[in-house]
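Read off the chains here:
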Amino acid sequence: VEWLVSLYENGLNGILADERGLGKTVQCLGFVVYLWEQGIEGPFLVVAPLSTIANWITECHCWAPKLPCLMYHGTKEERARLLPLPSRGLVVTSFE
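Quantities reported herein were computed from a predicted structural model and do not represent experimental measurements.

A. Here's a closer look at the layout of surface pockets. Its boundaries defined by the atoms lining it, the largest pocket holds a volume of some 720 Å³. If you trace the largest pocket, you find 26 residues lining it, with Leu16, Lys24, Cys28, Val46 and Trp56 closest to the centre. In terms of residue count, the dominant contributor to the lining of the largest pocket is helix H2 (residues 24-37) (seven residues). Here the lining of the largest pocket is built from residues that sort into 19 nonpolar, six polar and one charged.

B. Up close: the environment of Gly14. Tracing the chain through its elements places Gly14 in the loop between helix H1 (2-9) and H2. For the pair Gly14 and His73, spaced 59 residues apart in the sequence, the C-alpha separation amounts to 26 Å. In contact with Gly14, not counting residues within four places along its chain, are Trp3 and Leu7.

C. Region of the structure containing the nonpolar core. By size, the foremost hydrophobic cluster in this structure holds 19 residues, and its most contacted members are Leu67, Leu90 and Val92. Of all the elements in the fold, those that place two or more residues in this core are H1, H2, strand E1 (44-48), helix H3 (53-63) and strand E3 (90-94). Broken down by element, this core gets its largest block of residues, five residues, from H2. Setting aside chain neighbours within four positions, we find Leu90 in contact with Leu29, Phe44, Val46, Cys60, Leu67, Pro68, Cys69 and Leu70.

D. Looking closely at the side chain of Thr93. The topology assignment puts Thr93 in strand E3. Polar contacts involving the side chain of Thr93 include one to the main-chain carbonyl oxygen of Tyr72, which spans 2.7 Å. When neighbours within four sequence positions are excluded, Thr93 is seen to be in contact with Leu45, Val46, Val47, Ala48, Ile53 and Tyr72.

E. Representation of the sheet that holds strand E2 (residues 69-72). Read across the open sheet, the three strands follow the order E1-E3-E2; overall the sheet is parallel. In this open sheet, the two strands that pair with only one neighbour each are E1 and E2. Adjacent strand axes in the sheet meet at a mean angle of 20°, parallel and antiparallel pairs treated alike. One ladder, built from five bridges, connects E1 with E3; its direction is parallel. By the bridge assignment, Leu45 is partnered in E3 with Val91.

Rules of the game
Residues numbered from 1 in each chain as written. Predicted model: local features only at pLDDT ≥ 70, side-chain atom pairs only at ≥ 80, totals over all residues. Heavy atoms only, no water. 1 Å grid on protein atoms, 1.4 Å probe; cavity = no way out; pocket = protein on both sides within 12 Å on 5 of 7 lines; lining within 4 Å. Points joined across faces, edges and corners; volume = space filled by probe spheres on them. Helix = DSSP H or I, 4+ residues; strand = E, 2+ residues; numbered from the N terminus. Nonpolar A, V, L, I, M, F, W, Y, C, P; charged D, E, K, R; others polar. Contact = heavy atoms within 4.5 Å. Core = buried A, V, L, I, M, F, W, Y, C linked by side-chain atoms within 4.5 Å. Buried < 20%, exposed > 50% of the residue type's maximum accessible area, 1.4 Å probe, protein only. Polar contact = N/O pair within 3.5 Å; in protein donor to acceptor, adjacent residues only side chain to side chain. Pairing = 2+ DSSP bridges. Axes fitted to C-alpha atoms, helices over the stretch in contact; angles between N-to-C directions.

Written out as structure tokens, the structure reads:
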């Protein structure tokens, strides 16, 4: 999380990537919570593989219970019922 914060503070971008399950979701949530605590309320967008978006919601509720979190997924009609998207918090969706 400190690395992500240092990138942000220096106007840089970075990618957390591996295939080992080393806590990237929690690290990203930690960074979003850091931004939230700094008064930057989002909205924040997470685009993840479909197989992981439910886990993102679960981890958000566990590690950041005060952060509004919405899963934007489903049929066209189901997604339409979620509109308009929130102006703050975390929106999790899939590229699919």
